[in-house]
Amino acid sequence: MTQGERRIPARRTVLGAAGATVLGASTTLTTGGTAQAAPDTAGAASAAAGRGHGYRSLPVPTVIAHRGASGYRPEHTLGSYRHALDLGAHVIEQDLVPTRDGHLVCRHENDITGTTDVADHPEFASRRTTKSVDGVSLTGWFTEDFTLAELKTLRAKERIPAVRQENTLYDGRWTIPTFEEVLRWAEEEGRRRGRRIWLHVETKHPTYFRGLGLGLEERLARLLRRYGRDRADSPVFLQSFEPTSVQRLAKLVDSPGVVLLSGPTSRPWDFVQAGDPRTVADLVTPEGLRWIASYAQGIGPSLDLVIPKDAGGRLGDPTTLVRDAHRAGLILHPYTHRNENSFLPAEFRRGTDPTAYGDSFGALKRYLATGIDGIFSDNPDTALLGAADLTGRD
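Residues numbered from 1 in each chain as written. Predicted model: local features only at pLDDT ≥ 70, side-chain atom pairs only at ≥ 80, totals over all residues. Heavy atoms only, no water.

### Comments concerning the overall build of the protein chain
- Along the backbone of the protein chain there are 15 helices and eleven strands.
- Considering only intrachain contacts with a sequence separation of at least 6, the fraction spanning at least 24 residues in the protein chain is 67%.
- Carbon together with sulfur atoms contributes 50% to the accessible area of the protein chain, which is approximately 16300 Å² in total. (Helix = DSSP H or I, 4+ residues; strand = E, 2+ residues; numbered from the N terminus. Contact = heavy atoms within 4.5 Å. Areas by Shrake-Rupley, 256 points an atom, 1.4 Å probe, with all protein chains shown as cover.)

See below:
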């Protein structure tokens with residue numbers, strides 16, 4: 001059966017099927033070592049009610065809508081953000097890139113070829129170009145080559161239509177939002193819903209953009225101060241894959257910072273540019289985590305850093321990252337949970353269609369049981385039910 005013939009199951013159907021995977025042994029293996037530890041479930045349980053102030057007041061596990069409800073709407077649109085709130089997400093994520101005239105807009109990448117209809121605009125055909133972004137050669141259209149007024153003539157569309165065919169229904173419905181528009185939207189939604197709307201804001205490719213004279217941190221800090229989200233207890237997280245970006249933000253505002261961490265052998269691009277030899281594997285050691293805790297409040301590791309996969313794509317034993325990060329005083333918001341087979345560990349895939357939903361609840365059970373403080377999810381309703389299974393709350 002082709003992808004076009006196979007429909008992704010309706011959300012209600014999926015949410016009615018509980019994951020059946022039973023947790024196995026709790027021993028763990030640290031990166032490059034042999035230390036073992038049990039999942040830090042006690043820490044998660046004590047925080048489950050959301051005790052404390054600022055980010056410590058959020059429910060644990062915290063469900064962060066990854067680029068909004070991107071499993072159901074085109075990512076980084078007001079429609080995706082609003083739907084995430086309607087589904088119950090605790091926090092909504094934005095990724096920020098600049099325009100040529102210095103405005104911050106919400107796109108996962110500055111390359112907007114796959115997330116907008118820019119290719120259908122003949123007036124912008126000459127803007128297509130090839131660039132090296134963080135050492136990767138890309139050909140397409142880039143936000144830094146457009147003014148905000150020009151970007152506002154474009155419409156957003158689904159990034160992975162072959163996987164999320166139903167999302168294409170919403171292609172062309174929304175424009176690219178500026179971050180200031182999102183801040184205003186969050187204020188309005190907060191008044192309407194009677195609660196603070198939490199945001200999780202990422203600076204994308206900050207070293208690259210600083211080299212173009214489009215530094216992200218100062219622009220972001222000005223907006224945070226303007227809208228009262230610059231304090232330690234403000235409803236916002238500031239995140240980046242480049243530690244120096246989080247450090248720079250920490251000098252400008254008091255909002256909590258989160259360092260994002262990818263594969264263990266990778267190096268943050270700011271480290272590459274500065275000649276810093278450390279890799280992510282160095283940063284997830286107790287010493288590296290203490291260094292991060294000197295300027296940030298959390299880490300956003302890939303899920304593989306929490307539970308690695310074997311050569312067949314099946315989950316192994318958890319590492320000691322959760323325990324070690326908590327000992328350093330850091331919270332953990334790993335990324336990214338998704339429902340589709342193609343994104344799930346091998347043992348939780350169901351059937352042969354990569355676009356169909358697998359046993360998402362089974363995977364969530366494994367990840368959440370490690371004691372992580374939250375999780376990024378394209379499907380926040382699924383993640384919320386998985387969190388409820390863990391905590392006993394509906």
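### Things to note about the packing of helix 5 (residues 179-193) against helix 7 (residues 216-226)
- The contact between helix 5 and helix 7 brings their axes to 11 Å, and the two run at 25 degrees. One finds that helix 5 runs roughly parallel with respect to helix 7. The way helix 5 lies across helix 7 gives a crossing that is right-handed. Residues Phe179, Glu180 and Leu183 of helix 5 lie in contact with helix 7, whose contacting residues are Leu220, Leu223, Leu224 and Arg226.
- Here the contact of helix 5 with helix 7 is built from residues that sort into five nonpolar, no polar and two charged. (Axes fitted to C-alpha atoms, helices over the stretch in contact; angles between N-to-C directions. Parallel < 35°, antiparallel > 145°, perpendicular 65-115°, else oblique. Left-handed = near helix turned anticlockwise from the far one by under 90°. Nonpolar A, V, L, I, M, F, W, Y, C, P; charged D, E, K, R; others polar.)

### Concerning helix 8 (residues 243-252)
- Of all the positions in helix 8, only Pro243, Ser245, Val246 and Leu249 are classed as buried. Down the axis of helix 8, the buried side of the element spans an arc of 160 degrees, and every buried residue falls inside it. (Buried < 20%, exposed > 50% of the residue type's maximum accessible area, 1.4 Å probe, protein only. Arc of directions from axis to C-beta.)

### Some remarks on the environment of Asp381
- For Asp381, the location among the structural elements is in helix 15 (residues 380-391).
- Sequence-wise, Asp381 and Ala84 are 297 residues apart; in three dimensions their C-alpha atoms are separated by 8.1 Å.

### Some details on the environment of Leu364
- Tracing the backbone through its elements, the reader meets Leu364 in helix 14 (residues 360-368).
- For the pair Leu364 and Ala383, spaced 19 residues apart in sequence, the C-alpha separation works out to 7.1 Å.
- Those residues in contact with Leu364 that sit more than four places away from it in its chain are His337, Ala369, Ile375, Thr382, Ala383 and Gly386.

### Remarks on the side chain of Gln94
- Locating Gln94 in the fold gives a position in strand 2 (residues 91-98).
- A relative accessible area of 0% places Gln94 in the buried class.
- In this view, Gln94 contacts His76, Tyr81, Cys106, Phe179, Val182, Leu199, His200, Val201, Glu202 and Gln239; residues no more than four positions away in its chain are not counted.

### Some words on helix 14
- Within helix 14, eight of the nine residues are buried, which leaves it mostly tucked inside the rest of the structure.
- All of the buried residues along helix 14 are Ser360, Phe361, Gly362, Ala363, Leu364, Arg366, Tyr367 and Leu368.

### Looking at the pairing of strand 8 (residues 257-261)
- Burial within strand 8 is extensive, with five of its five residues counted as buried.
- Going residue by residue along strand 8, you find Gly257, Val259 and Leu261 tucked away on one face and Val258 and Leu260 tucked away on the opposite face as well.
- Since strand 7 (residues 236-240) and strand 8 lie parallel, the crossover through helix 8 that links them has a hand, and here it is right-handed. (Right-handed = clockwise from strand over helix to strand, strands pointing away.)

By themselves these figures say nothing about function.
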